[in-house]
Amino acid sequence: MTAGAQTRKVSCVVHVRCPDRLPEDVYRQVLEQLAALSPVVQALPPTAALVELKGALRYHGASARRLGEVLRVRTISRLGVDVRVGIGPSITVAATASGQITEPGGVLAVDPDQVADWLGPLPVEALHGIGPRQAQELRNFGVHCVGLLAAIPPATVQRLLGGRAGRLAADRARGIDPRPVTPRTLPTSASVSRTFTRHTLDGAEVRATLLDMVVTLALQLRRRGQAARGLTLRFAGGTSWEKTRRLPEASAHDDDLRTLAYRLIDAAGLQRGRLTGLILRGEDLVAADRVAEQISLDQAREARLVAEEVSDRIRAKFGPGAIRPATTLLRVS
């Protein structure tokens, strides 16, 4: 099957990108303008959104490019926001197109039959989903443009970028992206709380509880299709303490959230108060498909990510408590 045949599975996707991060109320008004064109709108806060126009083109009696121009005029005139509008037959193509608009706003439409020719000359870092580290690794191998990325064997890309990230990069360079636009407005935070049956200063118990919370929060984010840019840890009970830190990169992986959560609790100094509970909150959430899968030469980490995927499938079948870290068994119920 050709790349063109694959991309026709999603006939008309619009990726709208705001030039700057918007206040929440303004961002919601942008979503309302999108909903006036099509009921299938997927929020990607705080600066982007997706729209599926496949069923709306006949209703409006206009081309996708024309509807993109209408959207841009409306957001400028009504909200003072000049959006960048990328249009293509898949999420990857549409998002890549919006990223190629250098002015504050504009419309760029890619015809399904022109996907390979249009993507080919672009630098690899321009392909939606390719992060800086991935791009550098590809360039070190001699792959400077999307066309070359599409031409080399997928197995080679996987060796360069890692299993899952390599598969995605190889497919998307060929215009293959079967993901649908899923109507949803994503919450901007998610939290998990735990209480102790008594005041505690037991470091092992507190740390085991925190690990249990990390695993629960990470699983919740992955099920939602989200990733957190930061974490907030708060103590409940006899002491008042709250701290927020940013992750180096948005993530919903157990390892990344655990590392930051442990740094937060180490910075707290538990000797100054007794705890009755903990609250862990994922902050500034984004859609997971907006997060570039970065390469890692750490084989142990790659193995843990594979194990995480398997664990998620087991939990989906047998319940979230089917697999837990052994350390969490220390936690007092």
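Residues numbered from 1 in each chain as written. Predicted model: local features only at pLDDT ≥ 70, side-chain atom pairs only at ≥ 80, totals over all residues. Heavy atoms only, no water.

**Student:** Honestly, the overall build of the protein in this entry has me stumped. Any pointers?
**Tutor:** The number of helices and strands found in the protein is 13 helices and 10 strands. Within the span of the protein, comprising 333 residues, buried residues form 48% of the whole. Here the analysis covers contacts within the protein between residues at least 6 apart in sequence; of these, 68% occur between residues at least 24 apart. Carbon and sulfur atoms make up 52% of the accessible area of the protein, which amounts to about 16,000 Å² in all. (Helix = DSSP H or I, 4+ residues; strand = E, 2+ residues; numbered from the N terminus. Buried < 20%, exposed > 50% of the residue type's maximum accessible area, 1.4 Å probe, protein only. Contact = heavy atoms within 4.5 Å. Areas by Shrake-Rupley, 256 points an atom, 1.4 Å probe, with all protein chains shown as cover.)

**Student:** Which parts of the structure should I look at to understand unusual backbone geometry?
**Tutor:** A positive phi angle, near 50°, is found at D284, a position not held by glycine. The topology assignment puts D284 in the loop between β9 (275-283) and β10 (286-287).

**Student:** What am I meant to see in the confidence of the model for the protein here?
**Tutor:** Reading fine detail from the predicted coordinates is not recommended where pLDDT is low. Put simply, the protein has an average pLDDT of 84, and 88% of its residues get 70 or more. In the predicted structure, residues 1-10 sits below a pLDDT of 50 and forms 16 contacts with residues beyond four places in sequence or in another chain. (pLDDT = per-residue confidence, 0-100.)

**Student:** Looking at this structure, I do not really get the sheet that holds strand β4 (residues 84-88). What am I missing?
**Tutor:** Two pairing modes exist for strands in a sheet, parallel and antiparallel, and in both the strands are linked by backbone hydrogen bonds. Overall, mixed pairing links the 5 strands, which are arranged β2-β3-β1-β4-β5 in an open sheet. The open sheet has two free edges, formed respectively by β2 (41-44) and β5 (106-109), since each of these has just one partner strand. Each neighbouring strand pair of the sheet contributes to a mean axis angle of 15°, computed without reference to strand direction. Pairing of β4 with β5, which is carried by 4 bridges, proceeds in the parallel orientation. When the sheet's bridge partners are listed, I87 is paired in β5 with A109. Together, β1 (13-17), β2 and β3 (48-52) form the strand contacts of helix α2 (residues 24-35), whose direction differs from that of β2 by roughly 160°. (Pairing = 2+ DSSP bridges. Axes fitted to C-alpha atoms, helices over the stretch in contact; angles between N-to-C directions.)

**Student:** Just checking my understanding: could you explain the packing of helix α9 (residues 154-161) against helix α10 (residues 163-173) for this structure?
**Tutor:** In a packed pair of helices, the relevant descriptors are the angle between the two axes and the axis-to-axis distance. Here α9 crosses α10 at 135°, and the two axes come no closer than 7 Å. Considering the angle they form, α9 stands oblique to α10. As for how α9 packs across α10, the hand of that crossing is right-handed. Residues P154, V157, Q158 and L161 of α9 lie in contact with α10, whose contacting residues are G163, A165, G166, R167, A169 and A170. Residue classes in the contact of α9 with α10 are distributed as 6 nonpolar, 3 polar and 1 charged. (Parallel < 35°, antiparallel > 145°, perpendicular 65-115°, else oblique. Left-handed = near helix turned anticlockwise from the far one by under 90°. Nonpolar A, V, L, I, M, F, W, Y, C, P; charged D, E, K, R; others polar.)

**Student:** Is there a simple way to explain helix α11 (residues 203-224) in this structure?
**Tutor:** An α-helical turn contains 3.6 residues, so any two residues separated by three or four positions project in the same direction. Look at α11: 31 Å from first C-alpha to last across 22 residues, which is about the 32 Å you get at 1.5 Å a residue. Just past α11, the residue G225 takes up positive phi, approximately 75°. (Expected span 1.5 Å × (residues − 1).)

**Student:** For this particular structure, what's the right way to read the pattern of salt bridges?
**Tutor:** When the charged atoms of two side chains with opposite charge come close together, those side chains can pair. Overall, the coordinates contain 17 salt bridges when judged by the stated rule. We note a salt bridge from E125 to R139, for which the minimum N-O separation is 3.2 Å. Here E125, found in the loop between α6 (115-119) and α7 (132-140), pairs with R139, found in helix α7; they are 14 residues apart in sequence, far enough to count as distant. Three or more residues joined by partner-sharing salt bridges are found here, namely R222, D254, E308, D312 and R315. (Salt bridge = Lys/Arg side-chain N within 4 Å of Asp/Glu carboxyl O.)

**Student:** Got a minute to help me understand helix α5 (residues 91-99) in this structure?
**Tutor:** Burial runs high along α5: 8 of the 9 residues are buried. Residues of α5 that are buried: I91, T92, V93, A94, A95, T96, A97 and S98. Elements in contact with the buried residues of α5: β1, β3, β4, β5, α6 and α10.

**Student:** Hey, could you run me through the packing of α11 against helix α12 (residues 254-266) in this one?
**Tutor:** The geometry of α11 relative to α12 is characterised by a closest axis approach of 9 Å and an angle of 140° between their N-to-C directions. Between α11 and α12, the angle is such that the two are oblique. Note on packing geometry: the crossing formed by α11 with α12 is right-handed. Along its contact with α11, which presents V206, R207, L210, L211, V214, V215, L217, A218, L221 and R222, the element α12 presents D254, L257, R258, A261, Y262, I265 and D266. Tallied by class, residues from the contact of α11 with α12 come to 12 nonpolar, no polar and 5 charged.

**Student:** What's the story with the packing of aromatic side chains in this structure? I'm lost.
**Tutor:** Centre-to-centre distance and the angle between the planes together describe a pair of aromatic rings. Under the criterion given, the structure shown has 1 aromatic pair. Note that R207 overlies the ring of Y262, its terminal NZ or CZ placed 4.0 Å from the centroid. (Phe/Tyr/Trp six-rings, centres within 6.5 Å; stacked < 30°, edge-to-face > 60°. Lys NZ or Arg CZ within 6 Å of the ring centre and 35° of its normal.)

**Student:** What is the right way to look at the side chain of R172 in this model?
**Tutor:** Within the element layout of this structure, R172 appears in helix α10. One buried charged residue, R172, remains without a salt bridge, the closest side chain of opposite sign being D177 at 4.4 Å. If we skip the residues at most four places from it in the chain, R172 touches T92, L119, L127, H128, D177 and R179. (Lys, Arg positive; Asp, Glu negative; His and termini not counted.)

**Student:** Looking at this structure, how should I read the pairing of β2?
**Tutor:** Every second residue of β2 is oriented toward a common face, with V41 and A43 on one face and Q42 and L44 on the other, all of them buried. In this sheet, β3 lies alongside β2 in antiparallel orientation, the contact comprising 4 bridges. Across the sheet, V41 pairs through a bridge with V51, a residue of β3. Where β2 folds back on β3, the antiparallel hairpin that results is connected by 3 residues.

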